[in-house]
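# Coordinates in review
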Amino acid sequence: MDPMESAPIHALAPTLITADMEKLSPHDKGGIQLLELPTSSVSPSITREDDGEDAPAEDEGRKEHGAQRALKAPAAYEDTFPDGGQGWVVVCGCALFCAATVGWGCVWGVTEEFFKSTMFPGTPDSVLTTLGSLPPLIMTLGSIVAGKLADRYGYKPFLAAGAVIWVASMVASAFCTEVWQFFITMVGLRLRLFSSYGMGVMQGIADALIFPLIVALPTQWFLRHRALAIGIVVSGSSVGGAVASIVYRLLISSLGLRKALAIFTGIHTAMFAAGYFMMTERRPAHKRPAIVWFDRAFFSDPVFWSLALCFFFTVFGYFGPIFLLPTFTAQVAPHLPELLTALPLTVLNISAALGRILVGFAADRLGPVNALFVAITASGLTQLLVWMFISSYGGTMAFAVLYGFFCGCFLSLISAVAAKVYGVAQLAGLSGLLLLFNAPGNAAGAPIGGALLGATGNNWQVVAAYSGAVQVLGALCLLYARFKREPRLIAAY
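Residues numbered from 1 in each chain as written. Predicted model: local features only at pLDDT ≥ 70, side-chain atom pairs only at ≥ 80, totals over all residues. Heavy atoms only, no water.

Moving on: the packing of helix α18 (residues 368-385) against helix α19 (residues 393-407). Look at α18 against α19: their axes get within 8 Å of each other, and the N-to-C directions meet at 155 degrees. Regarding the angle of α18 to α19, the classification is roughly antiparallel. In this structure, the crossing between α18 and α19 has a hand that is left-handed. Side by side, α18 and α19 meet where A375, A378, S379, T382 and Q383 of the first sit next to F399, L402, Y403, F406 and C407 of the second. (Axes fitted to C-alpha atoms, helices over the stretch in contact; angles between N-to-C directions. Helix = DSSP H or I, 4+ residues; strand = E, 2+ residues; numbered from the N terminus. Parallel < 35°, antiparallel > 145°, perpendicular 65-115°, else oblique. Left-handed = near helix turned anticlockwise from the far one by under 90°. Contact = heavy atoms within 4.5 Å.)

Now for the environment of M202. By the element assignment, M202 lies in helix α11 (residues 185-214). You can call M202 partly exposed: its relative accessible area is 28%. Distance from M202 to M139, taken between C-alpha atoms, is 9.9 Å for residues 63 residues apart in sequence. (Buried < 20%, exposed > 50% of the residue type's maximum accessible area, 1.4 Å probe, protein only.)

If you trace the backbone, S237 turns up in helix α12 (residues 226-255). For S237, the side chain forms a polar contact with the side chain of R356, separated by 2.8 Å. Those residues in contact with S237 that lie beyond four places of it in its chain are C98, A99, V102, G103, C106 and R356. (Polar contact = N/O pair within 3.5 Å; in protein donor to acceptor, adjacent residues only side chain to side chain.)

Okay, the packing of aromatic side chains next. If you walk through the whole model with that rule in mind, you get 19 aromatic pairs. Seen from their ring centres, W387 and F399 are 5.2 Å apart, and the 15 degrees between their planes marks the pair as stacked. Here W387, found in the loop between α18 and α19, pairs with F399, found in helix α19; they are twelve residues apart in sequence, far enough to count as distant. Accessibility classification places W387 together with F399 in one group, the buried group. On the basis of an interplanar angle of 75 degrees and a centroid distance of 4.9 Å, the ring pair of F405 and F406 is categorised as edge-to-face. An aromatic cluster of three or more residues is present, and its members are F328, W387, F399, Y403 and W460. Of note, R282 hangs over the ring of W221, and the distance from its end group to the ring centre comes to 5.6 Å. (Phe/Tyr/Trp six-rings, centres within 6.5 Å; stacked < 30°, edge-to-face > 60°. Lys NZ or Arg CZ within 6 Å of the ring centre and 35° of its normal.)

Now for the nonpolar core. One finds F211, I214, Y248 and L372 to be the most contacted residues of the largest nonpolar core, which totals 108 residues. F211 has contacts with C98, V102, M139, L411 and L435, leaving out every residue within four places of it along the chain. (Core = buried A, V, L, I, M, F, W, Y, C linked by side-chain atoms within 4.5 Å.)

Our next topic: helix α17 (residues 338-366). When the terminal C-alpha atoms of α17 are compared, their 42 Å separation across 29 residues agrees well with the 42 Å that a helix rising 1.5 Å per residue should span. At P344, α17 shows its maximal kink, close to 30 degrees. Backbone geometry just downstream of α17 places G367 in the positive-phi region, at approximately 105 degrees. (Expected span 1.5 Å × (residues − 1). Bend = angle between axes of the 7 residues up to and from the residue.)

The next subject is the environment of N459. Among the structural elements, N459 can be located in the loop between α22 (439-455) and α23 (460-485). Between the alpha carbons of N459 and M388 there is a distance of 9.7 Å; along the sequence they are 71 residues apart. Reaching out from N459, the side chain makes a polar contact with the backbone nitrogen of Q461 at a distance of 3.1 Å.

Once that is clear, we can look at α18. The terminal C-alpha atoms of α18 lie 25 Å apart, and with 18 residues this matches the ideal 26 Å at 1.5 Å per residue to within 8%. Across the 18 residues of α18, 13 count as buried, placing the element largely inside the fold.

Right, let's talk about the confidence of the model for the protein chain for a bit. Do not read the fine detail of predicted coordinates wherever pLDDT is low. In the predicted model, the protein chain carries a mean pLDDT of 75, and 73% of its residues have values of at least 70. Mean pLDDT across the elements of the protein chain bottoms out in helix α4 (residues 39-42) (36) and peaks in α18 (95). This stretch, residues 1-74, has a pLDDT under 50; its non-local contacts, to residues over four places away or in other chains, come to 60 contacts. Every residue in residues 177-198 scores below 50 in pLDDT, and together they form 23 contacts with partners more than four places removed in sequence or on other chains. (pLDDT = per-residue confidence, 0-100.)

With that settled, consider the packing of helix α15 (residues 302-316) against α23. Running from N to C, α15 and α23 cross one another at 165 degrees; their axes reach a closest spacing of 7 Å. One element, α15, and the other, α23, form an angle in the roughly antiparallel class. Between α15 and α23 the crossing geometry is left-handed. Every residue of α23 that contacts α15 at P302, V303, S306, L307, L309, C310, F313, T314 and F316 is listed here: Y466, V470, Q471, L473, G474, C477, L478, Y480, A481, K484 and R485. Of the residues that constitute the contact of α15 with α23, the class distribution is 14 nonpolar, four polar and two charged. (Nonpolar A, V, L, I, M, F, W, Y, C, P; charged D, E, K, R; others polar.)

All right, on to the environment of L209 then. Positionally, L209 belongs in helix α11. Under the relative-accessibility criterion, L209 is labelled buried at 14%. Spatially, the C-alpha atom of L209 lies 8.7 Å from that of V145, the residues being 64 residues apart in sequence. Beyond its immediate chain neighbours, meaning those up to four positions away, L209 contacts A146, F158, L159, A161, G162 and I165.

Moving on: unusual backbone geometry. Residue D83 is not a glycine yet carries a positive backbone phi of 50 degrees. Assignment of secondary structure puts D83 in the loop between α5 (57-72) and α6 (86-100). For N458, which is not a glycine, the phi torsion comes out positive at approximately 65 degrees. With respect to the helices and strands, the residue N458 is situated in the loop between α22 and α23.

Okay, structure coming up:
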């Protein structure tokens, strides 16, 4: 007979627990605590502390029975991950929020082209790209505060607040466009630009309240499919951007900016309402961590700085192609209809949605850090080796497919990488902290590209070289964290 079959349950307890836990890597456990049974529960001989004599037989039986009950007790939420079921409903709710907010930022290229050709002709590209960069900048600055508060007080109140602020910003922007038509051209231009910056501030605050939470919430439901789940959430922004870039262009052309914004306000309101009721937080209130505004453990860890510098440089090269692609398309194919001019941006967003899902799927098998390095490197090389050398509409479409597939994967992998390296205990706050290092790139990345374009007389090769090079530099910064945590070259991490 197998000795394991005849062993009492209390003797097998450590073996069973250890066997299950060995299936997870140390970093995947992310705060999972082993159930430690007292020595008296796993030893057939119970010793009293006072005289060292064996306990009576009935005491031994009672303690042994207690050990069996401990093994049958329900596991804490940190110890189990559904990896499906209701978790997919939560993912869908998060994706709806992402499509309405981050997805709207993906159509800025359409808005910028409309401003440049119709509303604000003659405005420098650097000014318009700065306007488009304002919401992402505020999002990255505010994400760390929103993330830490949500880790402490729960996610849903902050998600609701973000949705309300977002809808208010859309309503305000629609009315501002109508009111300033009564002013003379120069005053109207300045006031319209000011109102647009105000809209950017409101949307940036809403993004800060929403984005770090919707990429952290799926980690409470998934372990084996964690990167895939977050990839689906962030792909919502790509799908939302792809659909909106076409519909928005048609609405602006046929109905005007004010009515187009009003229609999208109604669409976003419906998406927020549906998504809010689909999202559920698994973490009990008593498990929420205390707020630590300045965690010295992170800032003294070289691995953290490796990750931070990776995101810092990557974002400088991220928004330029997205914001400037409609302008680039109009220059290489000036006689195309407006719909075809906006089509490459739509294709880019569709490709980004597919890339975030497939790269997330691969990250669950190859490791999120490995996947992040490949995605950022490919994104930079696509600009250096493809965008620099195209001069036709067909080439623009090919670039949109390739760049779109890889460019946004770093956003969908931030939380998966943070959970892999540091665990999930304070993931929303940590995700917000890492997003903070995106702020300089969000503020200056695309404007630098626009300034280079204007200073060089529309030399797109210079813009592509700048954007691609900084992304490759970001990928190289990640290598320290990768090999510090996992020295083996061929390993899933």
